[in-house]
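Chain by chain, the residues:
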Amino acid sequence: MINKTITSGLLLIFLVISILIQAQITKSRVDPLPLDPGIRYGRLENGFTYYIKSLATPNPRTYMRLTIKAGTFQEDADQSQLAHFTEHMPHIRTKNFTNILYAPDLLKSLDMKLNDISASTDGTNTNYWFDHPTGSVRALDTGLLYFHDIVSGNVEFRKEDVDGERKAFFQEYVLRDGKKNYVDNTMMSHIVGCSVLQPHPVDFREYIQTFDPDALSRFYLDWYRPDMAALTVVGNIDDVDALERKIQTRFSDIKSPENPRPWQNCQIDYLNRPEQFIVLENPYKDLAIENEEVTIRAFIRDNDYNKSTWQGLEWKLAKSLFQELLRERYGQALKHYNLPYKIYNHIEANPSAMEIRVITKKGKEKPGVQTAFGILREIRNNGFTQAEWKKARQYRLQQLDDTNDHSPYYWVKQIENHFVEGEALPKDKTAHLEKWMTNLSLEKFNNMVNDFLDDIPEDIAIIAPIGHKANSYSREELEQWIQKAKEVPNNKHNPNDRPKVIIEAKQSALLQQKEIVSITTRNEKPGMEIKEVVLQNGMKVVLQPGEPSKDGRKEKIQIHGFSTKGASGFPKREYFSAIFAPDIVRNAGVGTMDKFDLEHVLSGTSFPYGVHPYIDYYETGIKGEAALEDLESIFQLIYLYFTDPRKDIAAYKDWKELERNAYLNPTYGIPAEDMNTSIREHLQDSTISPQGTKRFKGLKYTDWNKAYEIYNLLFGQASDFTFLINGNFPENKVLSLVNKYLGNLPNRTKDQTVQTNKRSCMPLQKGPINIHLVPNSPLEEVQIKMEYIREADNIDQWQEQIRVDALAKVISFRLRELRYLYKRAVYFPRSSGYVNKYLQRNVVSLNIDSSPEDLEFVKSDIKNILNELKSTPVNEGIFHDAVLRFLYPKYSRDNLQRNKNIIVKLYNQYRFGEPWVNPDEVEEFVKTLTTKDIMETAKKYLNDEYLFEFVLKNKDTPNIMVK
């Protein structure tokens, strides 16, 4: 009895202790975590917050940020876009600074570059940065003073400054294709319920030109205040105490507002608001093509929003892993040619939700939605497989292991998340998450995902063209589709019979080693040996074994094979069949593998995107890069692209649809590309294949059979090709692989020769030449391109190429005067200098977007700037920025010695006969450049006789939007 009592008592005590321990563990996981003690943190009486993070790793730059905890989510109904506009104003005028983004003398005195000062705005915050040389007291003090101006009410809102910025602001909207973003922004405004609606694109110009300046200054006064601001300083800080005192002294005098406006937590508001459903008609019309795509966007809210605890941090990591696994599932489901829908998933930070996006062709909305949610249902019911889990977790653990917590960018972002989002930043954050992920079981992960997923998403949006049937869909109709969606088994779209290798061992063994005709060695400089190998099939191979990278980078081995025969050897009517042929082949695959099989095989290699065959006007070739361990695989793939391109009519139709979608949803500006294509036609320049509208229209002139015929002709004659191979590799191994795979490439087209075009063109007219171009679709702006083109005195003059490059960089800086000094409707003017090696022309090119009203003013201003460059030595500050920011990094010895740049040098040598120049000599030459060199180069090139001026401008200005 006594023993039983004692035993029971001990058990009770043990149970109590266990409960207390478990409670303590649970408490530590749900309570806010203390900030990493390695960060000096403070909050002044006025509410101003500061973070100081000293790094042990040497870094020549100190990274300084001012974060305002207010963005577009804080705008009032009459303040649409004004959070972003407010961000611009400190760059124009504060109490102590004027036009700080065009202050060359200030930058030079602080040893800073133009892009060291900038800003950005999103929904939750506005960020300003002032990065400067480590140890520069003057630069630090200047940055602190600038930030003090911003947050202390000392940004000035003079009428002339606000009015002057209106035009540039609208040009930014045009440049970023704001009209196409209008529908998405409107949709998110309805879903989130926090941001105000943007003006319709038809009204946007007028709105920006006429908004009330008082609304702008009200946003500034409401939100740019000390209790909404945080300063972050990250870098090699010798005396943290001294810096802290300096910050306290500088910012303590800022007064807190008497009645501060309460901050709205949009995340909490979103999670608590009713479920949303919205249907929007897409008003955007492109006159060149009819777009009947329907987009359905569904949001699954994440109610586990608290990121201030270990539990919240762990869920954030698990959520990102879920996103990748789901993306892979969707990717497998879409591995079919000519599917009528696409499915994407994304974890949103604002709002806190996971988005499922389905983009469908007309009439395919239901199967698209049901496939997307059928896959989710299968995951919810059965979870992810062990194989999926092992691969995804291993990848994520590697990412955590690779996290560079010595990087200033890591700390800047982590601190921003801590201040803005309330995300915990405890000591050893990455190590804890890595350990947690290591111990996380598949069962636990699947349970977390199951708890997160709902049968029906809370928020749904439909975006459809005007008049489309989808505009009449109801929420109930979509919910029925989702409820009736059948599970999509994982193995349905991921068969185990996919190939595992590019070429089977038996097939590879049939490729016999051929006798090498000759090997010639030459030394370009001490330690720089190049071997020229001639194979039995007549192919020339150039090997340049490089040295290991001194900074520890794992550089891939570079491969570039080329022939001097291209599309120019065929009739004009076959041009598009020729240039599109490699893309058609890539979409079809090689050997017995379609592109999906090939993607599967390459997914575990160092070259997951394969190699890139191409056919240009003057040239045919193939490029690729791989790690040493994958070298045989990449040679096998090259071999198949030469010998066995797969031909599949379904793949061809799929490629045409992909091209159509690329034109509908471009990643570049269609009008700008159309303009470039027209300019090249005027200049008789066929060296770059057309993009934009001409490329799209070229689809109807493309013949499938002719494309393969041309491809086989150009890639069927091994003796036409020179292969360049550069990198850190064992020479004998590479030579053996070259002989086995490249040496067995056939010469099967001897009876069907393709002529080599000698790259001749008529001499250019003497300028000035002024050409008005009309866009394919109406524009809201005009685009100006001034090309100063001079026949190259000698294509071998690398020093002249650098001088032209330097002049262009100086011009880019000076063009900023159009916005900041002349107050023109210009946002991002730019200039480039380059050599057209095919046509042997040196080119200085200026690109400016402006308004029709400011066109003649802008052209006159540019003329004055260029004349000044010819007559007066350039400002030392401008010269300093151009050289320091662009030329030194580009032409430094270390950069020129990288494999990707060496392969370009080899190409220029063997393709155009350019001499091999020692990188040390190039670096030293750049250091000798002076402002006088810029002036002399300007005198040489910036003359009317070399000028071709192109203006892309509407004949009239009809609306392309329907309201």
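Residues numbered from 1 in each chain as written. Predicted model: local features only at pLDDT ≥ 70, side-chain atom pairs only at ≥ 80, totals over all residues. Heavy atoms only, no water.

**Observations regarding the overall build of the protein**
As a reminder, the rule being used: Segments assigned H or I by DSSP are reported as helices when at least four residues long, segments assigned E as strands when at least two residues long, and all are numbered from the N terminus. The globule rule used here is 2.2 Å times the number of residues to the 0.38 power, and the radius of gyration it is set against is calculated over C-alpha atoms. For every residue, the accessible area obtained with a 1.4 Å probe (protein chains only) is divided by the maximum for its type, and the residue is called buried under 20%, exposed over 50%, and partly exposed between those limits. Only heavy atoms matter for contacts: two residues are in contact if any of them lie within 4.5 Å across the pair. Throughout, the Shrake-Rupley method with a 1.4 Å probe supplies accessible areas, and for residues the shown protein chains are the sole cover considered. Note that His is not counted, nor are the chain ends; the positive residues are Lys and Arg, and the negative ones are Asp and Glu. Charged side chains are reduced to one point each, which is NZ for Lys, CZ for Arg, CG for Asp and CD for Glu.
Broken down by element type, the protein carries 34 helices and 24 strands. Expected size for 963 residues packed as a compact globule is a radius of gyration near 30 Å; at 31 Å, the protein falls within 12% of this value. Across the 963 residues of the protein, 56% fall into the buried class. Intrachain contacts of the protein at a sequence separation of at least 6 include 82% that bridge at least 24 residues. Counting every atom, the protein has about 43,200 Å² of accessible surface; 50% of that belongs to carbon and sulfur. The protein carries 126 positive and 132 negative side-chain charges, and their two centres are separated by 3 Å.

**Some remarks on the state of the cysteines**
Covalent bonding between the sulfur atoms of two cysteines defines a disulfide. Quick reminder of the rule: Pairs of cysteine sulfur atoms within 2.5 Å are what we label disulfides.
Counted by the stated rule, this structure contains one disulfide. In this model, Cys194 is linked to Cys266 through a disulfide, with the two sulfur atoms separated by 1.7 Å. Because the torsion about its S-S bond is -45°, the bridge between Cys194 and Cys266 counts as left-handed. Of this pair, Cys194 sits in the loop between helix H6 (178-192) and helix H7 (201-210) while Cys266 is found in helix H10 (residues 266-272), placing the two residues 72 residues apart along the sequence. No difference in accessibility class separates Cys194 from Cys266, as the two residues are buried.

**Some remarks on helix H21 (residues 631-643)**
Every α-helical turn comprises 3.6 residues, leaving residues that sit three or four positions apart pointing alike. Our working rule: To estimate how far a helix should reach, multiply one less than its number of residues by 1.5 Å.
Relative to the 18 Å expected for 13 residues at 1.5 Å per residue, H21 spans 18 Å between its end C-alpha atoms, a close match to the ideal helical length. Summarising burial for H21: ten of the 13 residues are buried, a large majority. All of the buried residues along H21 are Leu631, Ile634, Phe635, Gln636, Leu637, Ile638, Tyr639, Leu640, Tyr641 and Phe642.

**Section: the confidence of the model for the protein**
Should pLDDT be low for a region, the predicted coordinates there are not to be read in detail. This is how it is decided: The pLDDT value expresses, per residue, how confident the predictor is, ranging between 0 and 100.
Across the protein, the average pLDDT comes to 91, with 92% of residues at 70 or higher. With pLDDT under 50 throughout, residues 1-28 is counted as low confidence; its partners more than four residues away or in other chains account for two contacts.

**Quick look at the sheet that holds strand E23 (residues 841-850)**
For clarity, the cut-off: In this analysis, strands are considered paired if DSSP registers two or more bridges between them. Note on method: axes are straight lines fitted to C-alpha atoms, helices fitted across the in-contact stretch only, with angles between N-to-C directions ranging 0 to 180 degrees.
Read from one edge to the other, the open sheet built from five strands follows the order E20-E24-E21-E23-E22, with strand pairing classed as mixed. Lying at the two open borders of the sheet, with one neighbouring strand each, are strand E20 (769-773) and strand E22 (830-836). This sheet shows a mean twist of 15° between the axes of neighbouring strands, independent of strand direction. Alignment of strand E21 (residues 782-791) against strand E24 (residues 947-952), held across six bridges, turns out to be antiparallel. In the strand pairing of E24, Met786 is matched with Glu949. Taken strand by strand, helix H23 (residues 670-682) contacts E20, E21 and E24, and its axis lies near 35° from that of E21.

**Brief notes about the nonpolar core**
The cut-off we apply is this: The nonpolar core is taken to be a set of buried Ala, Val, Leu, Ile, Met, Phe, Trp, Tyr and Cys residues, with the residues joined through side-chain atoms within 4.5 Å.
Formed by 102 residues in total, the largest nonpolar core has its most connected members in Phe147, Leu231, Phe251 and Leu846. For this core, the element with the most residues is helix H27 (residues 798-815), which contributes nine residues. In this structure, Leu231 is in contact with Phe48, Thr49, Tyr50, Tyr51, Met64, Arg65, Leu144, Phe147, Ile247 and Phe251, ignoring residues within four places of it in sequence. Membership of the second largest hydrophobic core comes to 70 residues, among which are Ile559, Val585, Tyr652 and Val734.

**Re the packing of aromatic side chains**
Counted only if it meets this: Stacked, tilted and edge-to-face pairs are distinguished by plane angle, under 30 degrees for stacked and over 60 for edge-to-face with tilted covering the rest, among Phe, Tyr and Trp rings (Trp via its six-membered ring) whose centres lie within 6.5 Å.
Inspection of every chain in the model, using the stated rule, returns 46 aromatic pairs. The interplanar angle of 35° and the centroid separation of 6.1 Å between the aromatic rings of Tyr146 and Phe147 together place this pair among those described as tilted. The burial state of Tyr146 is the same as that of Phe147; both residues are buried. Ring centres of Phe322 and Phe384 lie 6.1 Å apart, and the angle between their planes is 65°; on these two criteria the pair is classed as edge-to-face.

**Some thoughts on the sheet that holds strand E11 (residues 353-360)**
Pairing is mixed in the open sheet, where five strands are placed in the order E8-E12-E9-E11-E10. Every other strand in the sheet has two partners, leaving strand E8 (277-282) and strand E10 (341-348) as the edge strands with one partner each. Along the sheet, successive strands turn relative to each other by an average axial angle of 15°, direction set aside. Note that strand E9 (residues 294-301) and strand E12 (residues 459-465) share five bridges and pair antiparallel. Along E12, the bridge assignment pairs Ile296 with Ile462. Against the sheet, helix H12 (residues 365-382) touches E9, E10 and E11, its axis set at about 145° to E11.

**Focus on the side chain of Glu75**
This is how it is decided: Salt bridge criterion: a side-chain nitrogen from Lys or Arg within 4 Å of a carboxyl oxygen from Asp or Glu. For this analysis, a polar contact is any N or O atom pair within 3.5 Å, provided that within protein one partner can donate a hydrogen and the other can accept it, and provided that sequence-adjacent residues contribute only side-chain to side-chain pairs.
Of note, Glu75 is situated in the loop between strand E3 (61-68) and helix H2 (82-92). Arg218 is the oppositely charged side chain nearest to the buried, salt-bridge-free Glu75, at an N-O distance of 10 Å. There is a polar contact of 3.1 Å between the side chain of Glu75 and the backbone nitrogen of Gln81. In this view, Glu75 contacts Ser80, Gln81, Leu82, Ala83, His84, Val196 and Phe219; residues no more than four positions away in its chain are not counted.

**Observations concerning the packing of helix H4 (residues 137-151) against helix H9 (residues 240-251)**
To keep it simple, the criterion reads: By convention, the crossing between two helices is left-handed when the near helix turns anticlockwise from the far helix through less than a right angle, and right-handed when the turn is clockwise.
At their nearest, the axes of H4 and H9 sit 10 Å apart, and the two run at 35° to each other. The crossing of H4 and H9 is right-handed. Each of Val137, Leu140, Asp141, Leu144, Leu145, Phe147, His148 and Val151 in H4 lies in contact with H9, whose residues at this interface are Leu243, Lys246, Arg250 and Phe251.

**Overview of the environment of Ala470**
Looking at where Ala470 falls in the secondary structure, it is placed in the loop between E12 and helix H17 (475-483). Overall, the relative accessible area of 0% leaves Ala470 in the buried class. C-alpha separation for the pair Ala470 and Glu365, spaced 105 residues apart in sequence, amounts to 8.1 Å. Residues within four places of Ala470 in sequence aside, it is in contact with Val279, Val294, Ile462 and Ala464.

**Observations regarding the pairing of strand E17 (residues 612-615)**
Summarising the sheet, E17 and strand E18 (residues 620-626) pair through four bridges and their orientation is antiparallel. From the neighbouring strand, Tyr614 faces E18, where its bridge partner is Gly621. Turn length for the E17-E18 hairpin, with the two strands adjacent in sequence and antiparallel, is four residues.

**Observations concerning the environment of Tyr639**
Tracing the backbone through its elements, the reader meets Tyr639 in helix H21. On the basis of relative accessibility, which here comes to 13%, the residue Tyr639 falls in the buried class. Counting along the chain gives 299 residues from Tyr639 to Pro340, while the straight-line C-alpha distance between them is 33 Å. If near-sequence neighbours (up to four positions away) are discounted, Tyr639 is found in contact with Ile503, Leu511, Tyr741, Asn744 and Leu745.

**Structural notes on unusual backbone geometry**
Peptide bonds are, in most cases, trans, and in most cases residues other than glycine have a negative phi. For the peptide bond that leads from Asn350 to Pro351, omega is 10°, which places it in the cis range. Of note, Pro351 is situated in the loop between E10 and E11. Despite not being glycine, Asp111 shows a phi value in the positive range, around 60°. Summarising the element assignment, Asp111 is placed in the loop between helix H3 (104-110) and strand E4 (117-121). You will see that Gln684, though not glycine, has its phi angle at about 55°, which is positive. Mapped onto the fold, Gln684 is located in the loop between H23 and helix H24 (692-697).

**Details of helix H19 (residues 575-588)**
Counted only if it meets this: To get the bend at any residue, fit one axis to the seven residues that end at it and another to the seven that begin at it, then take the angle between the two axes.
Helix length check: H19, at 14 residues, gives a terminal C-alpha distance of 20 Å against a target of 20 Å (1.5 Å per residue), a fit within 8%. The sharpest bend along H19 comes to roughly 45°, located at Ala581, with the proline Pro582 sitting one to four residues further on. Residues of H19 that are buried include every one of Tyr575, Phe576, Ser577, Ala578, Ile579, Phe580, Ala581, Pro582, Ile584, Val585, Asn587 and Ala588, and no others. One or two positions beyond H19, positive phi appears at Gly589, with a value near 105°.

**Observations concerning the pattern of salt bridges**
In this structure the tally under the stated criterion is 70 salt bridges. A salt bridge links Glu574 to Lys706, with the shortest nitrogen-to-oxygen separation between them at 3.4 Å. Of this pair, Glu574 sits in the loop between strand E16 (557-563) and H19 while Lys706 sits in helix H25 (residues 704-714), and the two are 132 residues apart along the sequence. In this structure, Asp849 and Arg830 form a salt bridge, with 4.0 Å as the shortest nitrogen-oxygen distance. Of the two residues, Asp849 sits in strand E23 while Arg830 sits in strand E22, which places them 19 residues apart along the sequence. Residue class for Arg830 comes out partly exposed when judged on its relative accessible area of 26%. Here the salt bridges do not stand alone but share partners, grouping Asp76, Asp78, Arg218, Asp222 and Arg261 into one network.

**Quick word on the packing of helix H11 (residues 310-333) against helix H15 (residues 429-439)**
Following both chains from N to C, one finds H11 and H15 inclined at 65°, their axes separated by 11 Å at the closest point. Between H11 and H15 lies a crossing whose hand is right-handed. Contacts between H11 and H15 pair Trp310, Leu313, Glu314, Leu317, Ala318 and Leu321 from the former with Lys429, His432, Leu433, Trp436 and Met437 from the latter.

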